[in-house]
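As a plain string of letters, each chain reads:
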Amino acid sequence: MTDIESFRCKLVTYDEIVKWTGDVAKQIRACDCKPTVVIGLTRGGWVPARLMCDILGVKKLYAVKTEHWGVTANPDGKALLTQELNASIEDEEVLLVDDITDTGESMTIATAHLLKMRPKGLKTATLLHITRSRMEPDFHSVKVPEDKWTWFIFPWNVNEDLRTLLPKTLYEAKSVSEIKKAFREQFHITVPEDVVRITLKDLLAAGTVKRAGRKWART
Ligand code: ADP
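These lines cover the structure that appears in this document, whether it is placed above or below. This structure is a prediction, so every number in the text was calculated from the model and none was measured.

Rules used throughout
Residues numbered from 1 in each chain as written. Predicted model: local features only at pLDDT ≥ 70, side-chain atom pairs only at ≥ 80, totals over all residues. Heavy atoms only, no water. Helix = DSSP H or I, 4+ residues; strand = E, 2+ residues; numbered from the N terminus. Expected span 1.5 Å × (residues − 1). Buried < 20%, exposed > 50% of the residue type's maximum accessible area, 1.4 Å probe, protein only. Contact = heavy atoms within 4.5 Å. Disulfide = S-S within 2.5 Å. Salt bridge = Lys/Arg side-chain N within 4 Å of Asp/Glu carboxyl O. Near = heavy atom within 4 Å. Polar contact = N/O pair within 3.5 Å; in protein donor to acceptor, adjacent residues only side chain to side chain. Areas by Shrake-Rupley, 256 points an atom, 1.4 Å probe, with all protein chains shown as cover. 1 Å grid on protein atoms, 1.4 Å probe; cavity = no way out; pocket = protein on both sides within 12 Å on 5 of 7 lines; lining within 4 Å. Sits in = over half its atoms within 2 Å of the grid points.

### As for helix α4 (residues 158-169)
For step 1, the next point in the chain: Along its twelve residues, α4 runs 16 Å from first to last C-alpha, staying within 8% of the 16 Å computed at 1.5 Å per residue.
For step 2, the next point in the chain: Residues of α4 that are buried: Asp161, Leu162, Leu165, Leu166, Pro167 and Thr169.
For step 3, the next point in the chain: Buried residues belonging to α4 abut β1 (9-11), β8 (151-153), α5 (176-187), α6 (193-206) and β10 (215-218).

Below you can see the structure in the form of structure tokens.
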């Protein structure tokens, strides 16, 4: 029998992003520890970091990148730092920003990297914090209990995430409306049919799915 993959997802809106970033900025203002540099942990921390700069009036915005490699690429599945910081943060008050702490791996390795660069201070902030994470950021807006683990589909990642999720609905050939229904049943999200069609077009071009008569199937 085919295994049908199913887990809870949530489509996040830009309004929620603005609200959560505002919450975190409010906490930072209250702690009287205004950063002089903001560093986005890319790719997910990039938009929140930029918003944070605007709210807190910070001009210096830098990036470091981590990647969480899958088991095929990295046998122990650890996050790796793939882009180091290319600017000086010596004697700066640094705020490292990411979208979410889930395992906490990315934040942990980025923090270790930044501490070696002798900042005056280093604080961490995420919009969402899942309680299973091995590190708790200094600031966060929403705490997600481990038993409510969710895959958050951020608005800057929606197409990429739908391209990953859609093939999981094609454990058998389906029409567009059946795919929409499967998104609801397997992933608890409502995806408009026009968005399903756009995603199918991308997956068709990539050779991940094919037309099977009036339906769609995995290649
Ligand atoms: P963390 O270090 O907090 O565990 P990961 O290293 O697992 O984060 O993943 C890195 C990036 O993957 C995150 O910054 C985020 O963009 C994405 N990510 C991880 N977990 C989730 C989740 N539950 N929902 C949405 N995106 C996630």
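The rest of the description comes next.
### Overview of the state of the cysteines
For step 1, the next point in the chain: Under the criterion given, the structure shown has one disulfide.
For step 2, the next point in the chain: The disulfide partner of Cys31 is Cys33, and the S-S distance across this bridge is 1.8 Å. Between Cys31 and Cys33, the disulfide has an S-S torsion of -70° and is therefore left-handed.
For step 3, the next point in the chain: Take Cys31: its relative accessible area is 31%, and that puts it in the partly exposed class.
For step 4, the next point in the chain: Cysteine Cys53 shares no disulfide, and the gap to the nearest cysteine sulfur, in Cys33, comes to 15 Å.

### Thoughts on the pattern of salt bridges
For step 1, the next point in the chain: Scanning the entire structure with this criterion turns up 13 salt bridges.
For step 2, the next point in the chain: Residues Glu67 and Lys65 are paired through a salt bridge, measuring 3.7 Å at the closest nitrogen-oxygen approach.
For step 3, the next point in the chain: A relative accessible area of 28% places Glu67 in the partly exposed class.

### Comments concerning the site of the ligand
For step 1, the next point in the chain: Residues in contact with the ligand amount to 17 residues; listed here are only the nearest, His68, Asp99, Asp102, Thr103 and Ser106.
For step 2, the next point in the chain: Contact between the ligand and Thr150: a nitrogen atom at 3.0 Å from a main-chain N or O atom of the residue.
For step 3, the next point in the chain: In isolation the ligand offers 530 Å² of accessible surface; the protein chains occlude 86% of this area.
For step 4, the next point in the chain: A majority-of-atoms criterion places the ligand in the largest pocket.
For step 5, the next point in the chain: Those elements that place two or more of their residues in the shell around the ligand are β5 (93-101), α3 (105-115) and β8.

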